[in-house]
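As a plain string of letters, each chain reads:
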Amino acid sequence: MCGIIGYAGKKNAEKIIIKGLSRLEYRGYDSAGIAVLEKGDLHIRKKQGKLSVLADELKRAPLKGVTGIGHTRWATHGIPSDINAHPHPSGSEDIAVVHNGIIENYREIKKHLQNKGYLFRSDTDSEVIAHLVSDNYKGDLYLAVKGAVKKIRGSYAFAVVHRDEPGRIVGSRMDAPLIAGVGKGENFVASDIPAILDHTKKVIYLENGDIVDLSSQDLKVFDRTGRKARRKKDTITWDISQAEKKGYKHFMLKEIFEQPDVMRDIINTRLKKEKVVFQELSIKKKDLAKIKNIAIVACGTAYHAGLTAKYMIEKHTGIPVWVDTSSEFRYRDPLVDKKTLTVVISQSGETADTLAALREARKKGSSVLAVCNVVGSSIARESDGVVYTHAGPEIAVASTKAYVAQLTSLYLLTIYLAEAKGAKKADTDALVKQLKKLPAEADRLLDGYRSKKNPIAKYAEEFHKYYLARHNKSCFLYLARNINFPNALEGALKLKEISYISAEGYPAGEMKHGPIALIDENPWVVCIAVRSATYEKMISNIQEIRARGGIVIAIVSEGDREIKGTKAKYVIEIPDVPEVFSPALVVIPLQLLAYYVAAEFGYDIDQPRNLAKSVTVE
Ligand code: M6R
């Protein structure tokens with residue numbers, strides 16, 4: 001869960017690498033480092049803290065070379081510190097390596113190398129790569145890397161340079177993302193596209209076991225057998241401006257406001273003459289018609305999208321669906337077989353647990369369909385079919401637009417499955433018609449929150465004061481029923497991720513079975529009470545909370561009159577849409593609430609503590 005970049009060209013490597021790392025900081029930000037080859041020397045600078053700490057240091061003493069590698073870290077082995085930051089040098093300091101992933105057998109390798117006299121400086125697993133490459137080095141960096149990767153087990157994407165081979169970078173990957181960027185008179189490796197998009201739009205998605213060997217003029221890829229591999233060069237169709245803040249204070253806020261357009265783009269891409277079309281889906285519709293059950297597997301926010309999909313799919317297709325978090329699915333010998341369609345959902349397409357779950361499902365004979373945002377990611381490539389969510393790059397660690405993109409894609413998938421299962425045309429047409437209205441409704445909803453002094457920002461300000469007055473004893477509870485229950489989990493997740501305030505999401509019907517004990521004047525309870533089959537039940541829940549002194553924020557459908565009588569302290573209206581489509585709108589005020597609460601506390605919203613954007617370790 002770190003970000004790596006390598007540059008070989010004719011320009012100043014330091015500048016390109018630092019800029020590239022700033023676009024990878026979402027992957028980890030507890031320390032950063034750079035190694036540059038310059039006039040027969042290898043210079044390494046690394047610093048604990050955000051990239052800005054390193055950048056300040058480099059301003060004082062710049063590096064001049066034209067080839068180098070860089071790293072932004074999310075600690076796994078060893079605390080964040082200067083010494084544990086990457087790049088890691090070999091003992092003689094002629095080699096430097098940056099690594100993302102976990103070397104599972106590093107203890108064994110370390111012991112072996114220590115017995116041979118290698119001195120280790122850091123507590124990281126990554127340092128073994130530097131010494132292993134050094135141990136295998138006989139004048140050719142590619143051959144040294146080839147020898148080293150034979151001995152390591154685990155997940156890795158790494159890049160390495162050698163003082164005696166200026167202008168050359170060798171990298172390799174296994175279960176961690178690594179792309180190669182092909183430029184004019186310059187070439188790159190990186191963990192993700194935004195890092196290199198200022199310089200080239202031509203990328204190669206490296207495959208597991210690949211080794212890339214590059215200089216300014218040349219870029220070769222070798223597969224795991226050592227044969228020269230022909231890998232397709234893809235052209236990136238989106239722009240770097242999509243990965244920038246465009247005047248918003250934080251990426252998270254920008255991404256929240258992008259949601260109507262994301263929905264619109266997905267719907268426009270997928271609907272051809274009012275029929276759902278998944279252009280890139282290689283699983284045939286007639287095969288989908290034969291499936292008996294669906295297993296949905298995902299983590300975090302993607303898991304909440306999966307839970308929501310269960311309600312839609314079961315209701316509109318009659319196919320039984322169960323949903324698991326990937327980390328549970330992969331270890332519990334799940335009952336999937338060739339009659340099961342396993343749907344894995346992942347924004348990054350690199351989440352280690354989801355990737356492992358996907359492999360487990362395929363091993364058991366299930367077809368796997370990925371709902372994924374990052375084109376060419378491991379999950380997309382290893383699945384039998386993929387539905388891309390086309391949300392564009394999501395930079396904030398707290399996922400927002402990727403969630404709405406997943407929901408929108410899952411609505412479309414539901415309609416597609418319903419057609420495959422022989423649903424009445426009038427029914428699927430009605431769903432299509434409603435779905436098409438969602439982006440405009442989302443726009444209308446967000447219009448009320450464009451100014452900095454909007455109602456949700458005000459509620460957040462009041463919560464902040466209340467929290468301090470109550471000596472930090474206040475917390476949040478989110479309650480909902482039916483298809484909005486997953487949004488209760490999502491609202492709570494958003495809040496705790498970026499404001500570090502304790503928050504729980506519950507099905508409202510469970511309140512009496514425990515959570516009601518929490519209710520006094522301390523917690524703020526967000527009750528999702530939009531027009532639905534269980535609306536009356538939600539009203540009763542609100543009354544129960546009010547009777548015990550709890551403070552209620554109610555999310556209701558536009559025009560609701562009854563909630564006012566419950567004395568909910570705050571009421572947030574969302575456009576009145578059919579219940580099945582309401583989750584894609586309900587989540588928007590939940591995201592805004594989390595955002596503004598975190599802003600009140602002055603926290604680092606885009607890069608919350610202890611988190612990273614893609615979790616490529618278990
Ligand atoms: O990239 P993925 O969708 O597989 O990531 C899954 C989770 O790690 C992710 O949703 C995480 O929970 C987010 N930080 C939520 O905001």
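Residues numbered from 1 in each chain as written. Predicted model: local features only at pLDDT ≥ 70, side-chain atom pairs only at ≥ 80, totals over all residues. Heavy atoms only, no water.

Visitor: Sorry, what's going on with the pattern of salt bridges here?
Guide: Applying the stated criterion to the full structure yields 46 salt bridges. The salt bridge involving Arg264 is made with Asp261; its shortest N-O contact spans 2.7 Å. Of this pair, Arg264 and Asp261 both sit in helix α7 (residues 259-270), three residues apart, roughly one helical turn. By relative accessible area, Arg264 is classed as partly exposed at 25%. Residue Asp261 is classed as partly exposed on the basis of its relative accessible area, which comes to 44%. Among the charged side chains, a network of salt bridges with common partners joins Asp261, Arg264, Asp443, Asp447 and Arg450. (Salt bridge = Lys/Arg side-chain N within 4 Å of Asp/Glu carboxyl O. Helix = DSSP H or I, 4+ residues; strand = E, 2+ residues; numbered from the N terminus. Buried < 20%, exposed > 50% of the residue type's maximum accessible area, 1.4 Å probe, protein only.)

Visitor: What's the story with the sheet that holds strand β12 (residues 211-214) in this structure? I'm lost.
Guide: Whether parallel or antiparallel, the strands of a sheet pair through hydrogen bonds between backbone atoms. Overall, antiparallel pairing links the six strands, which are arranged β5-β6-β7-β8-β12-β13 in an open sheet. Every other strand in the sheet has two partners, leaving β5 (88-89) and β13 (219-222) as the edge strands with one partner each. Alignment of β5 against strand β6 (residues 95-103), held across two bridges, turns out to be antiparallel. Across the sheet, the residue bridging to Pro89 is Ala96, located in β6. Sheet strands touched by helix α4 (residues 127-136): β5, β6 and β7 (154-162). Its angle to β6, the strand with the most contacts, is close to 130°. (Pairing = 2+ DSSP bridges. Contact = heavy atoms within 4.5 Å. Axes fitted to C-alpha atoms, helices over the stretch in contact; angles between N-to-C directions.)

Visitor: What exactly am I supposed to notice about the site of the ligand here?
Guide: Within the structure, the ligand sits among 15 residues, and Ser346, Gln347, Ser348, Thr351 and Glu497 are positioned closest to it. The separation between an oxygen atom of the ligand and a polar side-chain atom of Thr351 is 2.4 Å. The separation between an oxygen atom of the ligand and a polar main-chain atom of Ser399 is 2.8 Å. Compared with its free state, where it exposes 410 Å², the ligand has 91% of that area covered by protein. (Near = heavy atom within 4 Å. Polar contact = N/O pair within 3.5 Å; in protein donor to acceptor, adjacent residues only side chain to side chain. Areas by Shrake-Rupley, 256 points an atom, 1.4 Å probe, with all protein chains shown as cover.)

Visitor: Quick question: what am I supposed to make of the packing of α7 against helix α13 (residues 401-420) here?
Guide: A pair of packed helices can be characterised by two numbers: the angle between their axes and the separation between those axes. At their nearest, the axes of α7 and α13 sit 9 Å apart, and the two run at 30° to each other. Overall, the two elements α7 and α13 adopt an arrangement that is roughly parallel. Between α7 and α13 the crossing geometry is right-handed. Contact residues: α7 offers Gln259, Val262, Met263, Ile266, Ile267 and Arg270, while α13 offers Lys401, Val404, Ala405, Thr408, Ser409 and Leu412. Considered class by class, the residues forming the contact of α7 with α13 number seven nonpolar, three polar and two charged. (Parallel < 35°, antiparallel > 145°, perpendicular 65-115°, else oblique. Left-handed = near helix turned anticlockwise from the far one by under 90°. Nonpolar A, V, L, I, M, F, W, Y, C, P; charged D, E, K, R; others polar.)

Visitor: What exactly am I supposed to notice about the nonpolar core here?
Guide: Judged by nonpolar contacts, the single largest core of 134 residues is most densely connected at Ile294, Ile296, Tyr411, Leu438, Phe476, Tyr478 and Leu592. Looking at this core element by element, the count peaks at 14 residues for helix α18 (residues 583-601). Contact partners of Phe476, with chain neighbours within four places excluded, come to Phe463, Leu495, Ile501, Ser502, Ala503, Glu504, Trp524, Val526, Ile553 and Leu593. By size, the runner-up hydrophobic cluster in this structure holds 28 residues, among which are Ile95, Ile109, Leu113 and Tyr156. (Core = buried A, V, L, I, M, F, W, Y, C linked by side-chain atoms within 4.5 Å.)

Visitor: Just to check I follow, could you spell out helix α17 (residues 535-547) for this structure?
Guide: Note: α-helices contain 3.6 residues per turn, so residues at a spacing of three or four share the same orientation. In a regular helix each residue adds 1.5 Å, so 13 residues correspond to 18 Å; α17 covers 19 Å between its end C-alpha atoms and thus fits that length. The complete set of buried residues in α17 reads Tyr535, Met538, Ile539, Asn541, Ile542, Glu544 and Ile545. Downstream of α17 by one or two residues, Gly549 has phi in the positive range, about 90°. (Expected span 1.5 Å × (residues − 1).)

Visitor: Mind showing me how you'd approach the side chain of His88 here?
Guide: Following the sequence through the fold, His88 ends up in strand β5. Of the polar contacts made by the side chain of His88, one reaches the backbone oxygen of Asn84; its length is 3.4 Å. A polar contact is formed between the side chain of His88 and the side chain of Thr124, at a distance of 3.3 Å.

Visitor: Please explain the packing of aromatic side chains as it appears in this structure.
Guide: For any two aromatic rings, the description comes down to two numbers: the centre-to-centre distance and the angle of the planes. Under the criterion given, the structure shown has 19 aromatic pairs. Centroid distance Tyr156 to Phe158: 5.6 Å. Interplanar angle 45°. Geometry classified as tilted. The exposure class of Phe158 is buried, given its relative accessible area of 0%. An aromatic cluster of at least three residues, connected via ring pairs, comprises Tyr459, Phe463, Tyr466, Tyr467, Phe476, Tyr478, Tyr500, Trp524, Tyr570, Phe601 and Tyr603. Sitting over the ring of Tyr500, Arg609 keeps its end group 3.8 Å from the ring centre. (Phe/Tyr/Trp six-rings, centres within 6.5 Å; stacked < 30°, edge-to-face > 60°. Lys NZ or Arg CZ within 6 Å of the ring centre and 35° of its normal.)

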